[in-house]
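Each chain, written out:
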Amino acid sequence: MSLEITKLTARIGARVSGVDITRPLSPEEVTAVREALNTHKALVFDARGLDDAGQQAFLRHFGDLTTAHPTVGAVEGAPNVLPVDSERGRANHWHTDVTFVLNPPQATSLRSLTVPEYGGETLIANAAAAYRALPEPLRRFADGLWAEHTNDYDYAVPDEAIDEERAAQRAQFTSIGYRTVHPVVRVHPLTGERGLFIGGFAQRIVGLSKGDSRKVLDLLQSYVTRPENILRHRWAVGELVVFDNRITQHYAVDNYDGQPRRLHRVTVAGDVPVGVEGKESWSVEGDASHYTPVAA
């Protein structure tokens, strides 16, 4: 193999070269890429010549695909591809993809089609590094916590401040209500690492009031988003970024003055999260079986 892995920061991110992802990968290449994803959490590939079909084929090396989203429409003719378009909304909040369902995606890929002249970076944070940085008493405290995740996201913007189009998009996002309880500290099924599994869809700690929950979540989140834990990826056209959705968070920076920004997202079906004591997440509301199978 001529595959090369080049680290991008000390704690997260690597660029992969020497592999043509527009063609099927050999078993050895698949193993090497998976090991690199386990180690670096986020990988950057040259994706020039890759189309929607190719992106889906590449992601199938990691497992079965989800459909585009539980409630949001797909690219026409490609039910597994979600358009991430600045005209449809901007995900400028820290989150892990689709944690409001029982088994969120294990991996997310983003492929750049149109990028602004400046800005529009994607930030990706290492949630395992965040957990390791917790002081021991706080780590023990977090190990026993569970959080309710919901797609009724608190946008902190009053309804009267958004236009009809944005209101319709928000209504579509919440057209099926989901509430799921996940461990605050998730054990990665492949590496055994512990990571803070929270982000924007985590709205409440089980057993705590909403106000106390917010304080606890904000404290833990501050460790996730320390600059040392973050890869800041500046997009060029024709790149593919793949990150481990089980142990990262990400944020799309809205700093490009409304210029066009379009990516296509494909996600790989995940397993049901497991906490430190071996207990699995459970669903409170919402059936996502139309969206994703459960990975073994």
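Quick summary incoming for the structure in this document. (Residues numbered from 1 in each chain as written. Predicted model: local features only at pLDDT ≥ 70, side-chain atom pairs only at ≥ 80, totals over all residues. Heavy atoms only, no water.)

1. Points about the overall build of the protein chain
Secondary structure assignment for the protein chain yields 6 helices and 16 strands. For a compact globule of 296 residues, the expected C-alpha radius of gyration is about 19 Å, and the protein chain comes in at 18 Å, within 12% of that figure. Considered along the principal axes of its C-alpha atoms, the protein chain spans approximately 50 × 45 × 35 Å. Per-residue burial for the protein chain yields a buried fraction of 53% across its 296 residues. Put simply, of all contacts in the protein chain between residues at least 6 apart along the chain, 82% involve residues at least 24 apart. Looking at the protein chain as shown, the accessible area adds up to about 13000 Å², and 50% of this sits on carbon and sulfur atoms. The average position of the 31 basic charges and that of the 38 acidic charges among the side chains of the protein chain differ by 5 Å. (Helix = DSSP H or I, 4+ residues; strand = E, 2+ residues; numbered from the N terminus. Rg over C-alpha atoms; globule rule 2.2 N^0.38 Å. Buried < 20%, exposed > 50% of the residue type's maximum accessible area, 1.4 Å probe, protein only. Contact = heavy atoms within 4.5 Å. Areas by Shrake-Rupley, 256 points an atom, 1.4 Å probe, with all protein chains shown as cover. Lys, Arg positive; Asp, Glu negative; His and termini not counted. Charge placed at Lys NZ, Arg CZ, Asp CG, Glu CD.)

2. Description of the sheet that holds strand E6 (residues 122-126)
The strand order across the open sheet built from 3 strands is E12-E6-E14, with neighbouring strands paired in antiparallel fashion. The sheet is open, and its two borders are formed by strand E12 (230-233) and strand E14 (248-252), each paired with just one other strand. Averaged over all adjacent pairs, the angle separating strand axes in this sheet is 20 degrees, with direction ignored. The pairing of E6 with E12 spans 4 bridges and is antiparallel. From the neighbouring strand, Leu123 faces E12, where its bridge partner is Arg232. (Pairing = 2+ DSSP bridges. Axes fitted to C-alpha atoms, helices over the stretch in contact; angles between N-to-C directions.)

3. Description of the nonpolar core
One finds Ile21, Leu43, Phe45, Phe58 and Leu240 to be the most contacted residues of the largest nonpolar core, which totals 26 residues. Of all the secondary structure elements, the ones that give two or more residues to this core are strand E2 (14-17), helix H1 (27-40), strand E3 (42-46), helix H2 (52-59), strand E13 (239-244) and strand E15 (262-268). Among the elements that take part in this core, H1 stands out by supplying 4 residues, more than any other. One finds Leu138, Leu196, Leu217 and Leu220 within the second-largest nonpolar core, a separate group that totals 23 residues. (Core = buried A, V, L, I, M, F, W, Y, C linked by side-chain atoms within 4.5 Å.)

4. Some details on the packing of helix H4 (residues 136-143) against helix H6 (residues 210-224)
Axes are the key here: two packed helices are described by the angle between their axes and the distance separating the axes. Here H4 crosses H6 at 120 degrees, and the two axes come no closer than 12 Å. Taken as axis vectors, H4 and H6 run oblique relative to one another. Crossing hand, H4 versus H6: left-handed. Across from Leu138, Phe141 and Ala142 in H4, the residues of H6 making contact are Val216, Leu219, Leu220 and Tyr223. (Parallel < 35°, antiparallel > 145°, perpendicular 65-115°, else oblique. Left-handed = near helix turned anticlockwise from the far one by under 90°.)

5. What to know about the sheet that holds strand E11 (residues 202-205)
One open sheet holds the 4 strands; their spatial order is E11-E7-E8-E16, and the pairing between them is antiparallel. Across the chains shown, the open sheet's two edge strands, defined by having one partner strand only, are E11 and strand E16 (282-285). Strand-to-strand twist of the sheet, defined as the mean angle between neighbouring strand axes without regard to direction, takes the value 30 degrees. Note that strand E7 (residues 146-150) and strand E8 (residues 179-183) share 5 bridges and pair antiparallel. Residue pairing in the sheet places Thr150 in a bridge with Arg179 of E8.

6. Let's talk about the packing of aromatic side chains
In the structure shown here, the tally under the stated rule is 6 aromatic pairs. The interplanar angle of 80 degrees and the centroid separation of 5.9 Å between the aromatic rings of Phe58 and Phe62 together place this pair among those described as edge-to-face. Of the residues examined, Phe62 reaches a relative accessible area of 10% and is grouped as buried. One cation-aromatic arrangement involves Arg139 over Tyr131; the distance from NZ or CZ to the ring centre is 5.7 Å. Residue placement shows Arg186 over the ring face of Phe197; its charged tip is 4.8 Å from the ring centre. (Phe/Tyr/Trp six-rings, centres within 6.5 Å; stacked < 30°, edge-to-face > 60°. Lys NZ or Arg CZ within 6 Å of the ring centre and 35° of its normal.)

7. Here we look at the environment of Ser222
With respect to the helices, strands and loops of the structure, Ser222 is situated in helix H6. Through-space distance from the C-alpha of Ser222 to that of Gly89 is 25 Å; in sequence the pair is 133 residues apart.

8. Overview of the environment of His233
Within the secondary structure, His233 is located in strand E12. Residues His233 and Gly13 lie 220 residues apart in sequence; the distance between their C-alpha atoms is 9.2 Å. Setting aside anything within four residues of it in sequence, one finds His233 in contact with Arg15, Val44, Glu121, Thr122, Glu239 and Val241. A polar atom in the side chain of His233 sits 2.9 Å from the side chain of Glu239. (Polar contact = N/O pair within 3.5 Å; in protein donor to acceptor, adjacent residues only side chain to side chain.)

9. Quick word on the pattern of salt bridges
With the rule as written, the count across this model stands at 18 salt bridges. Arg111 is the partner of Asp52 in a salt bridge, and the nearest nitrogen-oxygen pair spans 2.4 Å. Of this pair, Asp52 sits in helix H2 while Arg111 is found in strand E5 (residues 107-114), placing the two residues 59 residues apart along the sequence. Neither Asp52 nor Arg111 differs from the other in exposure class; each is buried. It is possible to trace a salt-bridge network through shared partners that takes in Arg186, Asp244, Arg246 and Asp271. (Salt bridge = Lys/Arg side-chain N within 4 Å of Asp/Glu carboxyl O.)

10. Section: unusual backbone geometry
The phi dihedral of Lys41 is positive, around 75 degrees, even though this residue is not glycine. Given the relative accessible area of 3%, Lys41 is considered buried. Phi is positive for Asp257, which is not a glycine, with a value near 55 degrees. Mapped onto the secondary structure, Asp257 falls in the loop between E14 and E15. The exposure class of Asp257 is exposed, given its relative accessible area of 65%.

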